[in-house]
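# Examining the three-dimensional arrangement
Chain by chain, the residues run as shown.
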Amino acid sequence: MAEFALLMACLSPHSYMRRTQKNMNPIAVYIHIPFCIHKCSYCDFNSYAGLDFLTRDFCEAIQREIQGVRGLEREVASVFFGGGTPTYLKAEQLNSILNAVRDVLPFAKDAEITSESNPANSDRQRFDGMRQGGFNRLSIGVQSFDDRILRIAERQHTSEDAIAAIAYARNAGFDNINLDLIFSLPEQSLEDWRVSLLNAIDINPEHMSTYALSIEEGTRFERMHRNQTLHQADEDTELEMYEMAIEQLTKAGYEHYEVSNFCRHGKQARHNLTYWLNEDYLGFGPGAVSYLGGRRWMNEKRPAAYIRKVNEREPLAIQEETLSPADALSETLILGLRLRSGVSLKSIQDRFSIDPFQRYSGLIGELISEGLAELDGDTFRLTHRGLLYSNDVFIRILP
Ligand code: SF4
């Protein structure tokens, strides 16, 4: 195993790992699978179509990268396979990567182990295999139940495929399922969005994520936007869509626990809670980000270069930074405000030894007087109005 210790020395700063390895706080693990069958019109994620020929080398490389953290004494509370499309890979390949994590890190008994899946490559055999391999949560990228809109977004599946994928997941024994939905898609009316929401509610998943479409640089939608051929809802309609999601989902008994996320009682996405609480996580795979003890780094993004660098034991990090306590405090405040339960200013003070009341004295008062946030004891949280304009609030908190 000496070679893997050496590899890790290249992957991330070794002295740093030594400093943190006795920290027994649980940790989250993110695995990035960069493959997709087709690039969707809105997607700027680190995902690639047409790289089928790389999958086998990728699976070997990522397992090698994972082996490099042997010796880090942190218990894994959650693992999340995202991408890209994890279900582009076979169940056996996904299970081998998961087993590689198990080989080097202890798992909590009730660890949440999630994989994203695309209905275009979700089938009975794959889900059965993944469930047997230890995955206990699926996040299915439904996005819309309207086939016309799915075609515009260049999703490679129909609403019927999504319904079939959910049935395969249930049959395989998954009792913790998230559905991802997007609103403000081109040509989508308020009524179209309502129908998608009602379809999702009928299926009764344990969790739902609803995000507004954002137009990202380099995507087909961005080119259409520039050419003025993208027919998207205006800002007011987008806000109405968001409010409709809150209204319909809470009426159906879902708890609105984060700006964009809803769940049945006790079914919060535990992996994502790590991000919202700004706690430590380790990321593996191309473009994966790790955050450990205030240090953050990002892996090489291009899959072929990632594989080569792992195999040749070259440094993987292409960006890294150590956050100052003041910057980490701002990030923790912004991320914590995403949670409807808000954020305890006292606990932030204890964590960073900076008094947030002093640092943000003017801003906290302004946000409260503008009706965007409220203070309840030392808990600072967004109001309903703050939720609607959350991005504007977050920009004001940025250092
Ligand atoms: S399936 Fe997901 S990751 Fe892949 S191109 Fe579409 S949106 Fe991007």
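A short tour of the structure in this document, coming up. Starting from 1, residues in each chain are numbered consecutively following that chain's sequence as written. pLDDT decides what is reported in this predicted model: residues at 70 or higher carry local features, side-chain atom pairs at 80 or more are listed and counted, and totals for whole chains, interfaces and linings draw on all residues regardless. Each side-chain value is worked out from all heavy atoms of the structure, with water and hydrogens disregarded.

## Focus: the overall build of the protein chain
A count of helices and strands for the protein chain gives 18 helices and 17 strands. All radius of gyration figures rest on C-alpha atoms, and the globule criterion is 2.2 Å times the number of residues raised to 0.38. In terms of overall size, the protein chain behaves like a compact globule, its C-alpha atoms giving a radius of gyration of 21 Å where 399 residues would be expected to give roughly 21 Å. Each of the three principal axes of the protein chain carries a C-alpha extent, and together these read 60 × 55 × 45 Å. Using a 1.4 Å probe on the protein chains alone, a residue whose accessible area is under 20% of its type maximum counts as buried, one over 50% counts as exposed, and one in between counts as partly exposed. By residue count, 54% of the 399 residues in the protein chain fall in the buried class. Every residue pair with non-hydrogen atoms within 4.5 Å of one another is taken to be in contact. If you take every contact in the protein chain between residues at least 6 apart in sequence, the share linking residues at least 24 apart comes to 71%. When the accessible area of the protein chain is evaluated, it comes to approximately 17400 Å², of which 47% is carbon and sulfur surface. Each helix is a run of H or I in the DSSP string that is no shorter than four residues. Each strand is a run of E no shorter than two, and both are numbered from the N terminus. Residue exposure ignores everything except the shown protein chains as possible cover, and the areas themselves are Shrake-Rupley values with a 1.4 Å probe.

## Quick look at a negative patch on the surface
Patch criteria: residues need more than 30% relative accessible area and no salt bridge. Like-charged residues are merged within 9 Å; nonpolar side chains of Val, Leu, Ile, Met, Phe, Trp and Tyr are merged within 5 Å. We count a salt bridge whenever a side-chain nitrogen from Lys or Arg sits within 4 Å of a carboxyl oxygen from Asp or Glu. Counted charges follow a simple rule, with Lys and Arg positive, Asp and Glu negative, and His plus the chain ends left uncounted. Lys charges are placed at NZ, Arg charges at CZ, Asp charges at CG and Glu charges at CD. Residues Asp234, Glu235, Asp236, Glu240, Glu243, Glu247 and Asp392 make up a contiguous surface patch of negative charge. Its location among the elements puts Asp236 in helix 10 (residues 235-251).

## Thoughts on unusual backbone geometry
Backbone torsion omega between Gly83 and Gly84 reads 15°, so that peptide bond is classified as cis. A positive phi angle, close to 55°, is found at Asn278, a residue other than glycine. Phi at Arg313 takes a positive value of approximately 55°, unusual for a residue other than glycine. Relative to the assigned elements, Arg313 resides in the loop between helix 12 (303-311) and strand 14 (317-322).

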